[in-house]
Structure formats: structure tokens, C-alpha cells
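A structural walkthrough
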Amino acid sequence: MKTLTVDFHSHILPNIDDGSKSVEESVKMLQLEAQNGIKTVIATPHFYGDIDTDIDFINRRNDAANILKKGIPNGLNLPNIILGAEVLYFDGIENWEAIPNLAIEGTNYILIELPMTPLSNRTLNILASFKENTGYTPIIAHLDRYISAFRTYNLPKTLSEIDVLVQINADFFLKFPNSVRALNLIKKGYVQLLGSDCHNCDFRPPNIKKAINIIENKLGSAVVEDLVNFQNLVINNL
Ligand SMILES: [Fe+2]
């Protein structure tokens, strides 16, 4: 049976954001990813356009990735890392020349974190025309975070009507009542990609396997296969 092998959202690079604090921790997180059946981890460190520049960010990200690569002990069979970013939405993002550099490496997809405010019509319109204007498809990061916070229960449907993909965090499936909401989002086709959004090995660990098991048990393996198709769409840049 087909299963998910890509973690689309992680803070697995060492010492670059509020995620992994050391090479050792990153290696342990990669081992946990492997135990979850993950073969490819998209590294998506936070990017905040108001305090950072794309050039500085890319330099720090490449350094962190190289340090991690060198620090992996010989003989460990760990997932492959693809570089990306979790870009906090900012005014003017649709005209930003750095989009290709912060997109998921080798693809025309970029992970965008929405601001922690109810989604305005202006932002929605910019997201709706983002792909047409830039050639890059936004992946909306951790949709689960915005629904209850603003009681915007219609947000998943709204996003399904525009040209974006939606990512949800695996831990949203793990506790009632969020698990019911999470399964509903999948059932309705409002979510296409899963991510662990892992920050460490303890309270925010790589945990995609548990979510996959719940989806399969409650909704059946055909639904998991639909998610695998979306995973492949992005990773193969289709
Ligand atoms: Fe994140």
C-alpha cells in the first residue's frame, strides 16, 4: 500500500530558529522521521521579512544544512533533506523577487505562514492570484492553527476555492476534539499535505506516522493514497 514519505514542514536544521538546538538533536529528529517512514524532510526554518533579508537567511540556512550534513555519523540511513522556508506572509509578498530562493528547492511551491489575525479580503485576494502572478503555488502552513483561534470555521472551504494547497500538522489528528475536525478537513478535501512541524524530539517531535494511522483507520487507505498523490505532485513539481 502507498503511504506518505514526505514531511512538508519541519524545523530540523540546527540553530537557525526555534527548532533544533544542536546537530545531535537534528540527527535524533531525523532518526525519528525515519521511524515514521519518512524518506524526505522539507526543512522549513522560519523566515520573517520584517527582520531578515533573503540573502542572510539563505546563507544561514545553507550553513546550518552543511553543518548538519557533516555531523551525521557514518552508517546512518537517514531521510534526505530538501531546503525550503516557512515564510510569514507580509505586505508585498506577491512582488518579492526572492520567492524562487525561498520556495521548496527544485519546485514551484512555497510554504507560507498566515499572519495571526483573521484573514482579510485583501490577503485572500493576493493569495488567490499568487500563482498566476508569480508562477509559485502557495502552501498554506498549519491551517489547524487559524480555525479555532478566530472561529473562522469557513476558512478551509474559502481556501479550497482558490489556487493554493493546504498543509495541516500531524498533531491535530492526535487529540479529541481536534481529531474530529482534522479528519473532516481531510474527508472534505480541504487539506492536501501533512507536516509534523517538528521542533525537537520531546514536545514537538516528528509524528506523521500516528496521523497516517488514524487517517487510514477512520477514513480508509484510499484517502491516504489521495494524500500520497498530492505529496508526489509537489515533490515532483507537477
Ligand atoms: Fe513551523
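Provided above is the structure to which this section pertains.
Residues numbered from 1 in each chain as written. Predicted model: local features only at pLDDT ≥ 70, side-chain atom pairs only at ≥ 80, totals over all residues. Heavy atoms only, no water.

Along the backbone of the protein chain there are ten helices and nine strands. The globule rule puts the C-alpha radius of gyration for 238 residues at 18 Å, and the 17 Å found for the protein chain is close to it. Taken along its principal axes, the extent of the C-alpha atoms in the protein chain is 50 × 45 × 30 Å. Looking at the protein chain as a whole, 51% of its 238 residues are labelled buried. In the protein chain, the share of contacts with a sequence separation of at least 24, taken over all contacts with a separation of at least 6, comes to 76%. (Helix = DSSP H or I, 4+ residues; strand = E, 2+ residues; numbered from the N terminus. Rg over C-alpha atoms; globule rule 2.2 N^0.38 Å. Buried < 20%, exposed > 50% of the residue type's maximum accessible area, 1.4 Å probe, protein only. Contact = heavy atoms within 4.5 Å.)

Here we take up the coordination of the iron ion. Within the first shell, the iron ion binds the protein through His-9 (NE2), His-11 (NE2), Glu-86 (OE) and Asp-197 (OD), at distances of 2.1 to 2.3 Å. For the iron ion, the four donor atoms in the first shell make angles of 80 to 162° at the metal, so the coordination geometry reads as irregular. Counting the intervening residues between successive donors of the iron ion yields the motif H-x1-H-x74-E-x110-D. A residue pair is termed long-range when its members are at least 10 positions apart, and His-11 in the loop between strand E1 (6-7) and helix H1 (23-35) and Glu-86 in strand E5 (residues 86-88) qualify at 75 residues. (Donors = N, O, S within 2.8 Å, 3.2 Å for Na, K, Ca; no water. Tetrahedral: all angles 85-135°; square planar, octahedral: opposite > 155°, others 65-115°.)

An order of E1-E2-E4 is seen for the three strands of this open sheet, with the pairing classed as parallel. Every other strand in the sheet has two partners, leaving E1 and strand E4 (80-83) as the edge strands with one partner each. Bridge analysis of E1 against strand E2 (residues 40-43) gives two bridges, and the strand direction is parallel. For Asp-7, the partnering residue across the bridge sits in E2 and is Val-41. (Pairing = 2+ DSSP bridges.)

Bringing the environment of Gly-135 into the picture now. Considering the arrangement of structural elements, one finds Gly-135 in the loop between helix H5 (130-134) and strand E7 (137-140). Here Gly-135 falls in the partly exposed class, since its relative accessible area comes to 35%. Along the chain, Gly-135 and Tyr-109 lie 26 residues apart, while their C-alpha atoms are 8.8 Å from each other. Those residues in contact with Gly-135 that sit more than four places away from it in its chain are Asn-108 and Phe-130.

So, on to the packing of aromatic side chains. Taken as a whole, this structure holds three aromatic pairs when the rule is applied. Ring centres of Phe-47 and Phe-57 lie 5.3 Å apart, and the angle between their planes is 80°; this geometry places the pair in the edge-to-face category. Separated by ten residues along the polypeptide, Phe-47 in strand E3 (residues 46-47) and Phe-57 in helix H2 (residues 54-71) bring together distant segments of the chain. Per residue, the accessibility class of Phe-47 equals that of Phe-57, and both read buried. Here the aromatic cluster, defined as three or more aromatic residues joined through ring pairs, consists of Phe-47, Phe-57, Phe-90 and Trp-96. (Phe/Tyr/Trp six-rings, centres within 6.5 Å; stacked < 30°, edge-to-face > 60°.)

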